[in-house]
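Each chain, letter by letter, is given below.
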Amino acid sequence: MSIRFFRIAAVYFVIAIILGIIMGIAHDFTLTSVHAHLNLLGWVSMALFGMIYHFYPEAGNSKLASTHFWLHNIGVPVMQGGIALSILIGGVIFTVFAIIASLLVVLGGILFMVNVFKHVKA
Ligand code: HEM
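Residues numbered from 1 in each chain as written. Predicted model: local features only at pLDDT ≥ 70, side-chain atom pairs only at ≥ 80, totals over all residues. Heavy atoms only, no water.

This next bit is on the site of the ligand. Taken together, 13 residues lie near the ligand, and I17, M23, H35, A36 and N39 sit nearest. If you list the elements that add at least two residues to the shell around the ligand, you get α1 (2–26) and α2 (32–55). (Near = heavy atom within 4 Å. Helix = DSSP H or I, 4+ residues; strand = E, 2+ residues; numbered from the N terminus.)

Shown next as C-alpha cells:
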C-alpha cells in the first residue's frame, strides 16, 4: 500500500504546486483552500501514510490499510472537486458532494487510527 500512496502523493504535489503558481501569477486566490487541501490531504498526508505503511508492513498489508486507501482516494478528489466547483460555479449539489466525500475521508482516517493502534508497535 505504501508505494501506491507515495506515487499518488507525488501526483498531488505537482497538481497542488501548479495550482499555487497559477494562483500567484493570476493574483486570484479564490481556490486557496483547494490548493491547501490538495497539498495537505493529497501530498503531505498521503506521503505520511505511505511512510507509516512502509515502516510497519503489518499495518500496510492489512485490510484496514486497503480500505483506508480507497476511502481516502475516492474522498479527496471528490471533496476537492466539489469544493472547487461550489466556489467557482456555486450550487448546493457540489456542497453535498464535498460533504459526503469529506465524510469518506474522515472514515478512512478513523480506520487509519485503528490500524496504527492495532499494528504499529515497537
Ligand atoms: C511551488 C509551490 C507553491 C506555490 C507557488 C504556492 C502558492 C500559494 C499561494 C499563491 C497561496 C495563497 C496565498 C494567499 O492567500 O495570500 C498559497 C496558500 C497556501 N499554501 Fe501554497 N504554494 C506552494 C506550495 C505549498 C505547499 C507544499 C504547501 C503545504 C504542504 C502549501 C500550503 C498552503 C496553505 C496551507 C495555504 C493557505 C495559507 C493561508 O490561507 O493562510 N503550499 N500557496
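Read on for the rest.
The residue A10 is located in helix α1 in this model. Judged by relative accessible area, A10 falls into the partly exposed class, the value being 37%. A C-alpha to C-alpha distance of 6.4 Å links A10 and W43, two positions 33 residues apart in sequence. (Buried < 20%, exposed > 50% of the residue type's maximum accessible area, 1.4 Å probe, protein only.)

According to UniProt, the positions carrying the feature "transmembrane region" (unreviewed entry) are residues 6–26, 38–56 and 83–114. With 95% helix and 0% strand, residues 38–56 has end C-alpha atoms that lie 25 Å from one another. Between the first and last C-alpha atoms of residues 83–114 the distance is 28 Å; the span itself is 91% helix and 0% strand. (UniProt positions renumbered as here; feature names shortened; annotations may be inferred.)

Structurally, the position occupied by H119 is in helix α5 (residues 92–119). At a separation of 2.7 Å, a polar atom in the side chain of H119 contacts the side chain of N115. If we skip the residues at most four places from it in the chain, H119 touches Y56, E58, A59 and S62. (Polar contact = N/O pair within 3.5 Å; in protein donor to acceptor, adjacent residues only side chain to side chain. Contact = heavy atoms within 4.5 Å.)

So, on to α2. The end-to-end C-alpha distance of α2 is 33 Å, a good match for the 34 Å that 24 residues give at a rise of 1.5 Å each. Within α2, the axis deviates most sharply at S45, by approximately 30°. Buried positions along α2 lie against α1, α3 (57–60), α4 (63–88) and α5. (Expected span 1.5 Å × (residues − 1). Bend = angle between axes of the 7 residues up to and from the residue.)

With the exception of glycine, most residues fall at negative phi, and the peptide bonds are largely trans. Phi is positive for H27, which is not a glycine, with a value near 55°. Position of H27 relative to the elements: it lies in the loop between α1 and α2.

So, about the packing of α2 against α5. The contact between α2 and α5 brings their axes to 12 Å, and the two run at 25°. The orientation of α2 relative to α5 falls into the category roughly parallel. In the crossing of α2 with α5, the sense of the turn from one axis to the other is left-handed. Contact with α2, carried on its side by L41, F49, I52 and Y53, involves V105, F112 and N115 of α5 and no other residues of that element. Taken together, the residues of the contact of α2 with α5 sort by class into six nonpolar, one polar and no charged. (Axes fitted to C-alpha atoms, helices over the stretch in contact; angles between N-to-C directions. Parallel < 35°, antiparallel > 145°, perpendicular 65-115°, else oblique. Left-handed = near helix turned anticlockwise from the far one by under 90°. Nonpolar A, V, L, I, M, F, W, Y, C, P; charged D, E, K, R; others polar.)

For α1, built from 25 residues, the straight-helix expectation of 36 Å at 1.5 Å per residue is met to within 8% by its first-to-last C-alpha distance of 36 Å. S2, F5, A9, Y12, A16, L19 and M23 are the residues of α1 that are buried. Note on α1: the residue one or two positions beyond its end, H27, has a positive phi of about 55°.

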